[in-house]
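Descriptive structure summary
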Amino acid sequence: MKKSNALLGLAGAIILISLIAWGYQVNNGLIVTNMRNPFSWGLYIATFAFFVGVAAGGLIVSSSVYLFNIEVLKPFTRIASLSAFASILGAGAMILPDMGRVERVWKVFLHPNFQSPLVWDVVVITAYLIITFLSVYVQLLPDWKKEGHGFLNGWTRKRSQEDINSFSKKWSKRVALVGLPVAILIHTVTALIFATQASRGWWNTAALPPDFVSVAVASGTALVLVISLLAVGKEQFEEYRGAFRTMALIVAGSLVIHFFFLSVDLIVHGWWGNSEAEEIHALIFGRYGFLYGLEILLPAFTMIFFFTEKGRSSFKALMIGSVLLFIGVFAHRMMLMFPAFNVIPLSLSLSGAGIESWAYPVALGQLREGLPVFVSSWDYSPTLVEYAVALLPFGQVLFVVTGAMKMYNFLPQKRIESPPTNEK
Amino acid sequence: MRLGMVIDLDRCIGCRSCAVACKSHNAQPPGTWWNRVFTPGSSFHQAAVGKDGGLQMEALPVSCQMCDNAPCQKVCPTGATYTDERGVVLIDYERCIGCRYCMAACPYGVRQFNWEDAKEVKARVGYEAGYEYGYPVDFRDKDGRLVFTPNRPAGVVEKCTFCAQYLAEGELPACIRGCPGKVRTFGDLDDPNSEVSKLIRKRQTVRLKEELGTSPKVYYIAPAKPIRLEVD
Ligand code: SF4
Ligand code: SF4
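From a predicted model like this one, the values you see are computed outputs, not experimental measurements.

**With respect to the overall build of chain A**
A tally of regular secondary structure across chain A gives 16 helices and four strands. Each of the three principal axes of chain A carries a C-alpha extent, and together these read 80 × 50 × 40 Å. Per-residue burial for chain A yields a buried fraction of 58% across its 424 residues. When contacts within chain A are restricted to residue pairs at least 6 apart in sequence, those whose partners lie at least 24 apart make up 76%. As presented, chain A carries roughly 17,600 Å² of accessible surface, and 68% of it is formed by carbon and sulfur atoms. A gap of 11 Å separates the mean positions of the 31 positive and 24 negative side-chain charges of chain A.

The following block contains the structure:
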């Protein structure tokens, strides 16, 4: 348990750093970020989308176990639900520092505009937070009953252990049933925030929501895989080999679907050859070529690697594949922003002058020596403060997962050791 | 009533008086410009563009297009952005949470964020201390929503309001009055006898990015100036 104390300490430190940076930002305004009028969303929204993705994946794993009876994964449904809960909590928190007036966020609940995809997202993410919490809760109830701890479980005192076991079983399944569509919804709706905007060609595609879901399944499963690997350790790897292989296959399979959407989308964006699409292509293959390369190559490597026997049959291989995938998916989330904001929507063509696409300059929003007043593109890269603030969900996930696993049984072996329960 | 504007590109000389009048009347913080005037095609203002010796130079003023189907309003989670009974798209500075979704949604790049506190930044960039420019007091719409305040709070979005504070007094927006070329005409698009309606009927007008379906209420009279040299 020494290790988990160290991890909790680390998580606490990360959260503290991030809160201090956030405090600094609240005091000085979002000017401390490198976002400006022409490039108005950056690292925070990308990180938010990343965590929504891994969160969705977690419950998709644990729900499909219950719904489709995937026996090999059963030992890891608790970890999967916990990973989903922790990640959605992180995603929800990440959105807050992006607000210019965070103290007014409650106004969304007071005067919600139901036309706004952002409001839909608030609704589904709140629902998901409750569902993932319930999912963890009902799965832990039997242990809590047996060991006499836990919370919100006063009502179980008068019931028998068997009662609670079957209650847990029944409700785990029910929560999974409701949870699966909501898991798919959170990432669909998050994608719709972007995909609905005809102003931004890079986002405005119906392929975005299904692609988000496929990336979510890949990255969410990878997170469950990593937590599970760390939880059972190298020693018991062999025992759960089957489960790990299955998870690796889910990751690789959903990446195939992701690459399918990605290529179809590139073709549709590029085939017609209009000037806006050409601009987007110039950005992703030129100026942001490195990041785009990471986004493509790392997940591609993981996909291929996890399809090979070597890639999915050792602790180390699975870890490496997953970590590379996380980096790739994070790059993917960042790449949501660059080609979207660096193509100015108000572009004109002047046929007489032989000009195809001229971007109408936008006021930067900051008056400072050395900076132009109006720009037609903005070289955004996050500031140190932004990086520090964006650590928040990472710290939170680490804290919640480690803390919960320290306090309660999420590890599979304990469940196997416990006496089999009577089925009703 | 649907208030709209017609801008005659034939008459615009690109002097940017409207941008300046707009900026000062509406007390815009440093770095914020509700109204911009640029020479399309050129990397800086008032430079001709062309090829093969055929040069042309137009000026194109752009501020909020007051879309009838306004994406900024549709995405706004709190309803801070709304369209009033005269068709003017406004922002309630007390309700905006600063999510900036509207900035991603607006196709015209007219929405601007207060990245820092307006009062502090004016002092920092060296605006003369004690010199206050622009409409001096708060203005609330008839429902009490704060749609103008001389020193904008940090963290909210702003843009052209058609000078809501002046409209309420029956006066014209500052850009209309400040334009020396009488390029801009303002009025009710629903009234067939208004000057704007007549102009739209009589002259050939275009709206920006019409293909996006935003239905702007700002119309441009296409320039009929002879292009100096027709290129084959
Ligand atoms: S121009 Fe932009 S800010 Fe103005 S109404 Fe249209 S979408 Fe909204
Ligand atoms: S930044 Fe303000 S006005 Fe714009 S969408 Fe958000 S709450 Fe609405």
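**Re the site of ligand 1**
Residues in close proximity to ligand 1 total 14 residues, the closest being Cys64, Gln65, Cys67, Cys72 and Cys106 of chain B. Class assignment of the residues belonging to the shell around ligand 1 gives a composition of 11 nonpolar, one polar and two charged.

**Side note on the environment of Arg36 of chain B**
Along the chain, the position of Arg36 of chain B falls in strand β2 (residues 36–38). Using a relative accessible area of 1% as the deciding quantity, one classes Arg36 of chain B as buried. Taking C-alpha positions, Arg36 of chain B is 9.9 Å from Lys23 of chain B, a pair spaced 13 residues apart along the chain. For Arg36 of chain B, the residues in contact, after removing those within four places along its chain, are Tyr360, Pro361, Val362, Ala363 and Phe374 of chain A together with Leu60, Pro61, Val62, Tyr108, Gly109 and Val110 of chain B.

**As for the pattern of salt bridges**
Residues and elements named next belong to chain B. For the structure on display, the rule yields 25 salt bridges over all chains. Between Arg203 and Asp8 there is a salt bridge, and its shortest N-O distance comes to 3.9 Å. Of this pair, Arg203 sits in the loop between α7 (195–202) and β13 (205–206) while Asp8 sits in strand β1 (residues 3–8); the two residues are 195 residues apart in sequence, bridging distant segments of the chain. A residue is classified by how much of its surface remains accessible, and Arg203, at 31% relative accessible area, is partly exposed. By relative accessible area, Asp8 is classed as buried at 9%. A network of salt bridges, in which partner residues are shared, links Glu85, Asp141, Lys142, Asp143 and Arg145.

**A few points about the packing of helix α6 (residues 161–195) of chain A against helix α7 (residues 208–232) of chain A**
All names here are of chain A. The contact between α6 and α7 brings their axes to 8 Å, and the two run at 135°. Viewed along their axes, α6 and α7 adopt a mutual orientation that is oblique. Helix-helix and strand crossings are classified by hand; for α6 and α7 the assignment is right-handed. Every residue of α7 that contacts α6 at Ile184, His187, Thr188, Thr190, Ala191, Leu192, Phe194 and Ala195 is listed here: Leu208, Pro209, Phe212, Val213 and Ala216.

**Comments concerning the packing of aromatic side chains**
Tallying each qualifying case throughout the model produces 43 aromatic pairs over all chains. Three or more aromatic residues joined by ring pairs form one cluster here, namely Phe39, Trp41, Phe194, Trp203, Phe212, Tyr288, Phe338, Phe341 and Tyr380 of chain A together with Tyr101 of chain B. Positioned above the aromatic ring of Trp171 of chain A is the side chain of Arg174 of chain A, whose terminal nitrogen or guanidinium carbon lies 4.8 Å from the ring centre. For the cation-ring pair, Arg333 of chain A lies above Phe212 of chain A, with the distance from its terminal atom to the ring centre recorded as 4.4 Å.

**What to know about the environment of Arg124 of chain B**
Residue and element names in this part refer to chain B. Within the element layout of this structure, Arg124 appears in helix α4 (residues 118–124). According to the relative accessible area criterion, Arg124 is exposed, its value standing at 55%. Through-space distance from the C-alpha of Arg124 to that of Pro30 is 9.9 Å; in sequence the pair is 94 residues apart. Looking at Arg124, its side chain comes within polar contact range of the side chain of Glu116, at 2.4 Å.

**A look at the interface of chain A and chain B**
At the interface, 56 residues of chain A touch 55 residues of chain B. Roughly 4,400 Å² of surface becomes buried between chain A and chain B when both sides are summed, with 60% attributable to carbon and sulfur atoms. Taken together, chain A and chain B are joined by one salt bridge. The salt bridge partner of Arg100 of chain B is Asp98 of chain A, with a shortest N-O separation of 2.7 Å. Applying the counting criterion to the chain A and chain B interface returns 35 residue pairs in polar contact (both at pLDDT 80 or more). Within the residue set of the side of chain A that touches chain B, elements represented by two or more residues are α4 (107–110), α5 (117–147), α6, β1 (347–350), β2 (355–359) and β3 (362–363) of chain A. For the side of chain A that touches chain B, the residue count by class is 32 nonpolar, 18 polar and six charged.

**Some remarks on the sheet that holds β1 of chain B**
What holds strands together in a sheet is hydrogen bonding between their backbones, with the strands either parallel or antiparallel. Residues and elements named next belong to chain B. Reading across the sheet, the four strands line up as β12-β1-β14-β13 and stay open at both edges, with mixed pairing between neighbours. Where the open sheet ends on each side, the last strands, each with one partner, are β12 (184–188) and β13. Sheet analysis places β13 next to strand β14 (residues 218–221), joined by two bridges and oriented antiparallel. In the strand pairing of β14, Thr205 is matched with Ile221. Packing against the sheet, α7 makes contact with β1, β12, β13 and β14, and its axis sits at approximately 115° to β12.

**Observations concerning the domain arrangement of chain A**
Residue and element names in this part refer to chain A. Under the domain assignment, chain A is made up of domain 1 (1–199 + 384–408) and domain 2 (200–344). A separation of 21 Å is found between the C-alpha centroids of domain 1 and domain 2. Of the roughly 3,200 Å² buried between domain 1 and domain 2, counting both surfaces, carbon and sulfur atoms make up 81%. When the buried surface of domain 1 facing domain 2 is broken down by residue, Phe39, Phe50 and Phe76 rank first, second and third, together holding 19% of it. For the interface between domain 1 and domain 2, the tally reads zero salt bridges. Counting residues per element, the ones that place at least two in the side of domain 1 that touches domain 2 are α2 (43–68), α3 (77–95), α6 and α15 (392–407). Counting residues per element, the side of domain 1 that touches domain 2 draws most heavily on α2, which supplies 13 residues.

**Details of the nonpolar core**
One broad rule of soluble globular proteins: the nonpolar side chains tend to lie buried together. Trp41, Phe194, Trp203, Phe244 and Met337 of chain A together with Phe162 of chain B are the most contacted members of the largest nonpolar core, which has 207 residues in total. A domain split of this core shows at least three residues from each of domain 1 (1–199 + 384–408) and domain 2 (200–344) of chain A. Counting six residues, the second largest nonpolar core, distinct from the first, contains Val6, Val196, Leu199 and Ile221 of chain B.

**Quick look at the pairing of β1 of chain B**
All names here are of chain B. Counted residue by residue, β1 has six buried out of six residues, so it is predominantly covered. Going residue by residue along β1, you find Leu3, Met5 and Ile7 tucked away on one face and Gly4, Val6 and Asp8 tucked away on the opposite face as well. Note: β1 against β12, five bridges, orientation antiparallel. Looking across to β12, one finds that Met5 is bridged to Phe186. Where β1 lies against β14, four bridges are found, and the strand directions are parallel. Within β14, the residue paired with Met5 across the bridge is Val218.

So, how was this worked out
- Residues numbered from 1 in each chain as written.
- Chains lettered and ligands numbered in written order.
- Predicted model: local features only at pLDDT ≥ 70, side-chain atom pairs only at ≥ 80, totals over all residues.
- Heavy atoms only, no water.
- Helix = DSSP H or I, 4+ residues; strand = E, 2+ residues; numbered from the N terminus.
- Buried < 20%, exposed > 50% of the residue type's maximum accessible area, 1.4 Å probe, protein only.
- Contact = heavy atoms within 4.5 Å.
- Areas by Shrake-Rupley, 256 points an atom, 1.4 Å probe, with all protein chains shown as cover.
- Lys, Arg positive; Asp, Glu negative; His and termini not counted.
- Charge placed at Lys NZ, Arg CZ, Asp CG, Glu CD.
- Near = heavy atom within 4 Å.
- Nonpolar A, V, L, I, M, F, W, Y, C, P; charged D, E, K, R; others polar.
- Salt bridge = Lys/Arg side-chain N within 4 Å of Asp/Glu carboxyl O.
- Axes fitted to C-alpha atoms, helices over the stretch in contact; angles between N-to-C directions.
- Parallel < 35°, antiparallel > 145°, perpendicular 65-115°, else oblique.
- Left-handed = near helix turned anticlockwise from the far one by under 90°.
- Phe/Tyr/Trp six-rings, centres within 6.5 Å; stacked < 30°, edge-to-face > 60°.
- Lys NZ or Arg CZ within 6 Å of the ring centre and 35° of its normal.
- Polar contact = N/O pair within 3.5 Å; in protein donor to acceptor, adjacent residues only side chain to side chain.
- Buried area = accessible area lost by both parts, 1.4 Å probe.
- Pairing = 2+ DSSP bridges.
- Domains from an automatic or database assignment.
- Core = buried A, V, L, I, M, F, W, Y, C linked by side-chain atoms within 4.5 Å.

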